[in-house]
Amino acid sequence: MNAINRDTRRASRALAPLAFGILSLFALPARAAPPLTYMIGDGPKAYPVVSLTWGLLIISLIVITIMTVLVCLGAVHRRSPRGDLSIEAVPLLHGGAGLRWVGFGVVITGIVLFGSLIWTMAVLARVSNPPAGKSPLTIEITGQQWWWKARYLSADPSKVLTTADEFHIPVGQPVRVKLIGADVIHNFWVPALTGKMQAIPGKINETWLEASKPGRYRGQCTEYCGWQHAHMAFFVVADPPDVFQAWLTKQLEPAAPASAQDQHGQQLFQQHCGLCHTVRGTLAGGTVAPDLTHVMSRETLAAGTLPNTPGNLVGWVANPQSIKPGNNMPDLFLSGPDLTDITTYLRTLK
Amino acid sequence: MTDAASALPVGSVDRRASGWYGVLCLIATESALFVYLLFSYYYSAVQLPPTWTPEPHPSFAYSLPATIAMLLSSAAVWWSTRSLHGRALGAHRLGLAFAIILGLIFFAFEGLEWASKPYMLSSNLYSSLFFTITGFDLAHLAIGIVGLCAVLIWSLLGYLDYRRESPTVIMAAYWHFVTAVWIAIFFTLYITPYFR
Amino acid sequence: MTFQVERVPHAGTATPSFRQRLEHIWETEPGVAGFFSTVDHKKIGIRYIITAFIFLAAGGIEALILRLQLARPNQNLLAPEQYDQLFSTHGMTMIFLYALPVLSGFSNYLWPLILGARDMAFPRVNALSYWLYVASGIFMYVGFFMGAGPNDGWFNYVPYANRTYNPGLSMDFYSLGMVFLGISTTVGAANFVVTFLRLRAPGMSINRLPVMTWGTLTASAANLLVVPSVSLAFFMLWLDRNFGTHFFDVSKGGQPLLWQHLFWIFGHPWVYALVLPAMGMVSEGLPVFCRRPLVGYSAVVLATLATMTLGFGVWVHHMFATGLPNLAMSFFSGISLIITIPSAVTVFCWTATIWTGRPVITTAFLFFASTIILFVIGGVSGFMTGSVPADWQLNDTYFVVAHIHYVLLGINVFPVCGALYYWFPKMTGRLLDERLGQWNFWTMFVGFNLAFLPMHLTGLLGMPRRIYTYPAGVGWDTLNMITTIGAFILAVGVLLLFINVVTSLIGGALAGANPWDAPTLEWSVPSPPPPYNFAVLPKVASRYPLWESRLQASRGASSVTEGALLDHERETFGVTPLDGEPDIILKMPFDSYAPFVLTVGTTAIFVGLLLHRHLWPLAIVGAVIAAASLLAWLWPERRLGQTVEAAP
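Residues numbered from 1 in each chain as written. Chains lettered and ligands numbered in written order. Predicted model: local features only at pLDDT ≥ 70, side-chain atom pairs only at ≥ 80, totals over all residues. Heavy atoms only, no water.

A. The arrangement of the interface of chain A and chain C in detail. Contacts between chain A and chain C engage 90 residues on the former and 94 residues on the latter. Here chain A meets chain C over a buried area of about 7,800 Å², counting both sides, of which 72% is carbon and sulfur. Area buried by chain A at its contact with chain C is led by A:Ile87, A:Leu92 and A:Tyr224, which between them contribute 10% of it. At the junction of chain A with chain C, the criterion picks out zero salt bridges. Seen at the junction of chain A and chain C, the total is 33 residue pairs in polar contact (both at pLDDT 80 or more). Only helix 1 (2-26), helix 2 (46-77), helix 3 (98-127), strand 6 (186-190), strand 7 (194-199) and strand 9 (215-220) of chain A provide two or more residues apiece to the side of chain A that touches chain C. Its residues placed into classes, the side of chain A that touches chain C shows 53 nonpolar, 29 polar and eight charged. (Contact = heavy atoms within 4.5 Å. Buried area = accessible area lost by both parts, 1.4 Å probe. Salt bridge = Lys/Arg side-chain N within 4 Å of Asp/Glu carboxyl O. Polar contact = N/O pair within 3.5 Å; in protein donor to acceptor, adjacent residues only side chain to side chain. Helix = DSSP H or I, 4+ residues; strand = E, 2+ residues; numbered from the N terminus. Nonpolar A, V, L, I, M, F, W, Y, C, P; charged D, E, K, R; others polar.)

B. Looking closely at the nonpolar core. Within the largest apolar cluster, 360 residues are counted, with the highest numbers of intra-cluster contacts made by A:Tyr152, C:Phe96, C:Phe106, C:Tyr422 and C:Trp423. With 23 residues, helix 8 (residues 256-290) of chain C is the single largest residue contributor to this core. If sequence neighbours within four positions are ignored, C:Trp423 has contacts with C:Phe106, C:Leu110, C:Met212, C:Met281, C:Glu284, C:Glu522 and C:Trp523. Listed in part, the 22 residues of the second largest apolar core include A:Ala255, A:Val279, A:Leu339 and A:Leu349. (Core = buried A, V, L, I, M, F, W, Y, C linked by side-chain atoms within 4.5 Å. Buried < 20%, exposed > 50% of the residue type's maximum accessible area, 1.4 Å probe, protein only.)

C. Molecular detail of the packing of helix 8 of chain C against helix 9 (residues 297-311) of chain C. All names here are of chain C. Close contact between helix 8 and helix 9 brings their axes to 10 Å; oriented N to C, the two are set at 170 degrees. Overall, the two elements helix 8 and helix 9 adopt an arrangement that is roughly antiparallel. Together, His268, Pro269, Tyr272, Leu276 and Ser283 of helix 8 and Val300, Thr304, Thr307, Met308 and Gly311 of helix 9 make up the contact between the two elements. Tallied by class, the residues present in the contact of helix 8 with helix 9 amount to five nonpolar, five polar and no charged. (Axes fitted to C-alpha atoms, helices over the stretch in contact; angles between N-to-C directions. Parallel < 35°, antiparallel > 145°, perpendicular 65-115°, else oblique.)

D. Quick peek at the interface of chain B and chain C. On the chain C side, the residues contacting the 47 residues of chain B number 64 residues. Summing both sides of the interface, chain B and chain C together bury roughly 4,900 Å²; the carbon and sulfur share of this comes to 70%. Applying the counting criterion to the chain B and chain C interface returns zero salt bridges. Remark: the boundary between chain B and chain C carries nine residue pairs in polar contact (both at pLDDT 80 or more). Of all the secondary-structure elements, those providing two or more residues to the side of chain B that touches chain C are strand 1 (8-9), helix 1 (18-47) and helix 4 (125-156) of chain B. At 16 residues, the largest contribution of residues to the side of chain B that touches chain C is made by helix 1 of chain B. Residue classes in the side of chain B that touches chain C are distributed as 27 nonpolar, 14 polar and six charged. As paired elements, strand 1 of chain B and strand 1 (residues 6-7) of chain C share two bridges and run antiparallel to each other. Residue pairing for strand 1 of chain C: B:Leu8 is matched across the bridge by C:Arg7. (Pairing = 2+ DSSP bridges.)

E. Here's a closer look at the pattern of salt bridges. This model, assessed by the stated rule, comprises 20 salt bridges over all chains. Among the ionic pairs, C:Arg570 bridges to C:Asp591, the shortest N-O distance being 3.1 Å. Linking C:Arg570 in the loop between strand 4 (559-565) and strand 5 (571-575) with C:Asp591 in the loop between strand 6 (582-587) and helix 18 (594-610), this pair joins segments that are 21 residues apart in sequence. On the accessibility criterion, C:Arg570 (4% relative accessible area) is buried. Classification of C:Asp591 as partly exposed rests on a relative accessible area of 22%. The network of salt bridges with common partners includes A:Glu166, A:Arg216 and A:Glu299.

F. Quick look at the domain arrangement of chain A. All names here are of chain A. When its domains are assigned, chain A resolves into domain 1 (2-75 + 101-127), domain 2 (137-252) and domain 3 (263-346). Contacts between the two partners involve 13 residues from domain 1 and, on the opposite side, 15 residues from domain 2. Taken together, both faces of the contact between domain 1 and domain 2 bury some 1,100 Å²; the carbon and sulfur share is 55%. Three residues stand out in domain 1 for area buried against domain 2, namely Leu36, Asp42 and Lys45, and they jointly supply 56% of the buried area on that side. On the surface where domain 1 and domain 2 come into contact, there are one salt bridge. For the interface between domain 1 and domain 2, the tally reads ten residue pairs in polar contact (both at pLDDT 80 or more). For the side of domain 1 that touches domain 2, a count of residues per class yields eight nonpolar, three polar and two charged. (Domains from an automatic or database assignment.)

G. Examining the side chain of B:Lys117 more closely. When you line up the elements, B:Lys117 lands in the loop between helix 3 (89-116) and helix 4. Of the polar contacts made by the side chain of B:Lys117, one reaches the side chain of B:Glu113; its length is 3.2 Å.

H. Fine view of the sheet that holds strand 10 (residues 233-239) of chain A. Residue and element names in this part refer to chain A. With respect to topology, three strands assemble into an open sheet ordered 4-10-9, the strand pairing being mixed. Because the sheet does not close on itself, it has two edges, and the strands there are strand 4 (166-170) and strand 9. Between one strand axis and the next, the sheet turns through 25 degrees on average, direction left out of account. Two elements, strand 4 and strand 10, share five bridges in a ladder whose sense is parallel. What sits directly across from histidine 168, in strand 10, is valine 237. In the packing of helix 4 (residues 241-252) onto the sheet, the strands contacted are strand 4 and strand 10, and the crossing angle to strand 4 comes to about 135 degrees.

Here it is in structure tokens:
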């Protein structure tokens, strides 16, 4: 098993640059690898799946080529001579060895299918569960319209971290993901790390992932879930174990007390936003919207919709319904100074 | 037609009538409908803890007499068809009438059964399934009773007799199907809970 | 047992006066009365085709608007709700209101002609099935034009379809409309099954049946078994939304996954039902233009049956990401891969037919032959999604959008266009223009592939389905622009088809009875055929009655000029299902308003149910109308020979 493991891993590493080459040809405007492609993967779960996908794709391309050539060649090579005005003039044929070739083709098809089936089963068995021997981290992720909530589970209740839309994980450690659907069905997908798993209300699904090198992996909801299905991305950030631990410790801390000039902003925040959002260490304790205790540690806003820049933050707080129509955050109609105070306060939540 | 010397029946005759094939198709598709209804029931039963049924042991007080009425009704239709083949028109009509009355008795028992339930359609998943499944059955039964009445009336009007028996045969097939459906429903809703 | 009503059918040839008599018996009354009462399968078939093409145009326009929105990243042409309704309506239109009805149209038109009968088994059911189709289509489109079109995709997953997340009438229109349409599909399917079994020319035993009928037969048999599944699911959804049941409501034990099971138990066989009859058209038409019989008739027939049988067992491959046990997934994955084999058999038989024939490259041939290539592309992408781990990645990305379009355009629209070029002369007496036809084909072919071949890559680059917009710089911009351009070229191609149809209707070359020198019975009668189809009922002794003398393939001899003369009112033969020996003379019904009135009643029922809070009495009125028209329909008529035969 281990040998196979190494082989596939080597194979997919060899394939990766090739893949990138081919894919980038078609994605010229994007300078880096397209963030959601699944033809390049990372980690012990992704490697065998990427190889399988490439394998099946190559088989498919070969089949398409052979059949297209056969049909075109047959039509051109055997076509009736031009100039025959009426179809009756072409004599009828019958018999011929056609059926023997059909049988030949079917046998080859059968062999290829059988091979693909075995490969499929082998990969399925490989990736169903995280590799034994490593104790996994467990994150409970809830999909809801239209963002992702994560709870990092721990036996110690004070170590349970709640955050949103950007999930850090340690490199080299498998991560179990428990999926909950809060309202409608969503679908958790981090193409470079793991395939899809639906988050279904009333049912807890499990999947797992593991990154083998540090990086920022984009994820996306792929089950149609309403108006803002398009804007329901998230990020899995793989850190070296020590960096991850530092991040976790920092995230578990409550927000730093607001300085004197931010007091008004904090008050406004508690008053306007606190029913839905939580900032630990303040009176804002709503749970229906993302936890904002360390919102500035995240690189994007509104489930991957906007880069988290000061300008975008102001724009988002001022006008959520025009940026992401139909989302559950209402337009607050804040006055200019209030808006400035709230966003200035938010920017202290590092 | 070189071998056309042999005479062929004309019109809708016995099981060569298109209507006979039609009713077989109808039974196939309606059976599928009830298979999916019962599938929905069993699927929910498997997914949920045994406590999902409000009554762990459903009562037979009304359902058993209803089942007996349904079986007798089917037997009456069978007798009616048989009499028609034997050219006994009186027995044929009497059989139809018995079948209709027994069908109405089934209806009455099911009405009592519905009235006796402490829950409503919208109480919970089980009640939704219960009333929908039995409701579908009753709807089919109602259509069947109208059909049996039509056949009886046509027979009394002299439109049908042993020379033209396909409407009776077709209607009988449908009625036996409704009975079979009820047996499946009875087994599912009343017997299987005792297995848990 | 002896029969009181029996007769030895006269044999002979048709004289002009005999034809006139038949014409008188079979023709539809002209004018409005005839329009609403006709049961002529040819009229109904053509209506089906025209209506389906109108829906194709509507669905196409919706698609073009969607493509404009997606042409560039971050566009604001459509609001999210508009986009959602448009993509859902596009799916609903193409899958339910175009793809199957157009095939039913061709089968309705062709079956009696190709089988050698005078009509379908249940001509009135045929009319009913059409009227119900139109009424349910209008019903759903009324919702769309009121701003209450479906907005949860054609698959309509709960809980998003539940009232909590989806208030308004959208879902009520869609769920009732689907139950409504389901009635039309079911009665139509039963009609095909019975016609297949019973209404054929004497001597047309089961191994002599024209190959295209097998496709529609299997599709119809499947529809009988799976349509109830989706009708039930939609009905339960409607109850959940309107009467507080809890089938899909998690808070009271409801099961969202039950919806997915019920939907896909229907959904996947349905996809085969959309392609098998079209594959039958290719199997029928392609050999004619290759100037030889189809290679491997039996193999293709068995493959058709095998595809449908296996097709019942693959629905879970739409649900690989729902957390099912590995064992179940392996099983369904295995079947999803194995189902490739019967498809491969058919594809190889077609290819072998080209290689062992002498292809005459007409527009119809181009459409049929291109189907093979498009089918292979759609097939292998299906094969990829059948593999569970690969599917976890491919599923719900544009790869699957490309796949379904290769399947539904490649093995439905392209063969249907081929069929139109092939059978248009039979239907109208005029040939479609070949020059315009070649333009038509190449524009469609290039446009289609330009639109959908790159879409596979869009999918491999990770673009999810059903998003109303997408960010710039993630690698999808160029590909989406190409797809949009391709879609517009494809639309121009379809427009050329419409232009060709209209101009050829007016000034096309006259076709004659058999312009393609084709072998099957429909080409033995004039174009367009008389209302009674066959003056004398033909006798069939081989699979290719009109090629028989040249192929020396039959033991007996088929005869299309001499045979039984059935002329006591409307009559045709019923035959034994296996041997095709006549065992009854069937009395066919006369024109009737009952199907139309029944449709009016049914429509009233559904409108009443839709607006049950305000208009529930309408449903009662509808039910009474429906019951009355049904009784009138079935009321025994002395003319149809009940206990004694009426005089001729």
